[in-house]
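Descriptive analysis of the structure
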Amino acid sequence: GLSPEVERNSSMGVFKDEQEESPTLLPYGDYRDESFFSTLFTWRGSVWPEIWKLVLAAVLFSVFVCFLDAVIPTNPVSNSQADIDAAKLIVNGGIRTSLAFYSLLGLALGFLLVFRSNLSYGRYWDGRGFVGSLVKAARNFGRQVIYDIEDGPESGRLRHDVIRLVNVMFGITMLHVRRETDLSRCPRLQFLLKPEEKALLTSKVYCARTAPDTYDYNTLTSTAGSFHKTVPFPRRPLMVVSMMNALVREAYDKKLVSETLRKRLERTLSDFVEAFNGLDKIRGTAVPLPYVQLVNLLLFIYVFTVPFSLIKHFAWFTPIPSGIIAAAFFGINAVSEEIQDPFGFDVNDLPLEKFEDSIAQDSGMS
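Owing to the predicted nature of the structure, the values given are computational and were not obtained by experimental measurement.

The residue Glu-180 is located in the loop between helix H6 (155-177) and helix H7 (188-192) in this model. Engagement of the side chain of Glu-180 in a polar contact is seen with the side chain of Arg-185, the distance being 3.4 Å. With residues near it in sequence (within four places) discarded, Glu-180 still touches Leu-175, Arg-185, Arg-236 and Phe-345.

Written out as structure tokens, the structure is:
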């Protein structure tokens, strides 16, 4: 048979080569190796697919405004008081308006857009931080189990099950933050989960237990001083943490881990829960609707009425500055909308699959 050290490293494949570096995790839309001009004209991952129709609509509308300004008289038809009063009813003798109003409105709108961008950017980097905390907890938990658990008749199985559930934890969390309920959406889970675990994770109930003297992980039953109850439990990552906690308790009951190691492992499990809570907070908390609604309303009013002010200075060239203003304001708003939920499948969302692959490679289950 294999020695405990060989079994620990070969059967699990965890941290088997400390010289081997983990793959560099880059965003899906990584652009750091591109030149200035290639970045400038990149289409995939930019805001242009989201805003080009709005910008085009603003440009075409400014052309229509130019046509109106050309056909509507800009001066009274005569010097009579009646004609002067009629011209005043058409806003300064035409459809042209003052720049002062749009300067104030643009200042307020710019402040709202910047504030929303900072809010979305904060959600994006908070999400990245919590994903990093989850990866850190997975690596720490795997290292502690592989190298610190005592050797025994069932130590190999316990090590394998724990590391397997570490990978399951990240996959289930990835599905949770993406609001996916079908386990097949994460292919790695298909060969990591046991049939009874898959049945438990696909159900909407959870069997809870209290202080059992013995616990059978395969059947999820306990005896001597415990009871079961069925309660709704929609957050499946917490069910996986409970499974890992049950394995730690089983290893402790079989004298495979010391009291000190058990407490250390349970603290790491708490790190899993803390990271999940942060991810779940971002997933379940949207940007307040009144704020988004106000920004979109002011943005629409500003972009589609500013040509009335610009035409006084640019005449038939008004579509050019109108298009630039529309691209700037709609672009900033589109960036905010894209990064406020960083767990999806957009080019600029967090590459959760790469993090999942990194954990699998570190644990030898890739």
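What follows concerns the packing of aromatic side chains. Within a pair of aromatic rings, the relevant descriptors are the distance that separates the centres and the angle that separates the planes. On inspection of all chains with the given rule, the structure shows eleven aromatic pairs. With centroids separated by 6.0 Å and ring planes inclined at 70°, the aromatic side chains of Phe-61 and Phe-304 adopt a geometry described as edge-to-face. On the criterion of sequence distance, the pair formed by Phe-61 in helix H3 (residues 48-71) and Phe-304 in helix H11 (residues 289-305) is long-range, its members being 243 residues apart. Relative to Tyr-102, the ring of Phe-101 lies with its centre 5.1 Å away and its plane at 80°, an arrangement referred to as edge-to-face. Among the aromatic residues, ring-to-ring pairing joins Phe-61, Phe-64, Phe-300, Phe-304 and Phe-308 into one connected group. For the cation-ring pair, Arg-262 lies above Tyr-252, with the distance from its terminal atom to the ring centre recorded as 5.0 Å.

Here we take up the pattern of salt bridges. In this structure the tally under the stated criterion is 19 salt bridges. Residues Arg-164 and Glu-197 are paired through a salt bridge, measuring 2.7 Å at the closest nitrogen-oxygen approach. Of the two residues, Arg-164 sits in helix H6 while Glu-197 sits in helix H8 (residues 195-202), which places them 33 residues apart along the sequence. Of the two residues, Arg-164 and Glu-197, neither departs from the other in class, the shared state being buried. In this structure, the salt-bridge partner of Arg-262 is Glu-266, at a minimum N-O distance of 2.9 Å. Of this pair, Arg-262 and Glu-266 both sit in helix H10 (residues 259-284), separated by four residues, roughly a single helical turn. Linked through salt bridges whose partners overlap, the residues forming this network are Arg-157, Asp-161, Arg-164, Lys-194, Glu-197, Glu-250 and Lys-254.

Turning to the side chain of Asp-349, a few remarks are in order. Among the structural elements, Asp-349 can be located in the loop between helix H13 (319-339) and helix H14 (352-362). For the buried Asp-349, no salt bridge exists, and the shortest N-O distance to an oppositely charged side chain is 6.9 Å, to Arg-178. Engagement of the side chain of Asp-349 in a polar contact is seen with the backbone nitrogen of Gly-344, the distance being 3.3 Å. At 3.3 Å, the side chain of Asp-349 and the backbone nitrogen of Phe-345 are in polar contact.

Turning to helix H12 (residues 307-314), its buried residues are Pro-307, Phe-308, Ser-309, Leu-310 and Ile-311. The first or second residue beyond H12 is Ala-315, which carries a positive phi of 55°.

Rules of the game
- Residues numbered from 1 in each chain as written.
- Predicted model: local features only at pLDDT ≥ 70, side-chain atom pairs only at ≥ 80, totals over all residues.
- Heavy atoms only, no water.
- Helix = DSSP H or I, 4+ residues; strand = E, 2+ residues; numbered from the N terminus.
- Polar contact = N/O pair within 3.5 Å; in protein donor to acceptor, adjacent residues only side chain to side chain.
- Contact = heavy atoms within 4.5 Å.
- Phe/Tyr/Trp six-rings, centres within 6.5 Å; stacked < 30°, edge-to-face > 60°.
- Lys NZ or Arg CZ within 6 Å of the ring centre and 35° of its normal.
- Salt bridge = Lys/Arg side-chain N within 4 Å of Asp/Glu carboxyl O.
- Buried < 20%, exposed > 50% of the residue type's maximum accessible area, 1.4 Å probe, protein only.
- Lys, Arg positive; Asp, Glu negative; His and termini not counted.

Geometric values such as these leave the question of function open.
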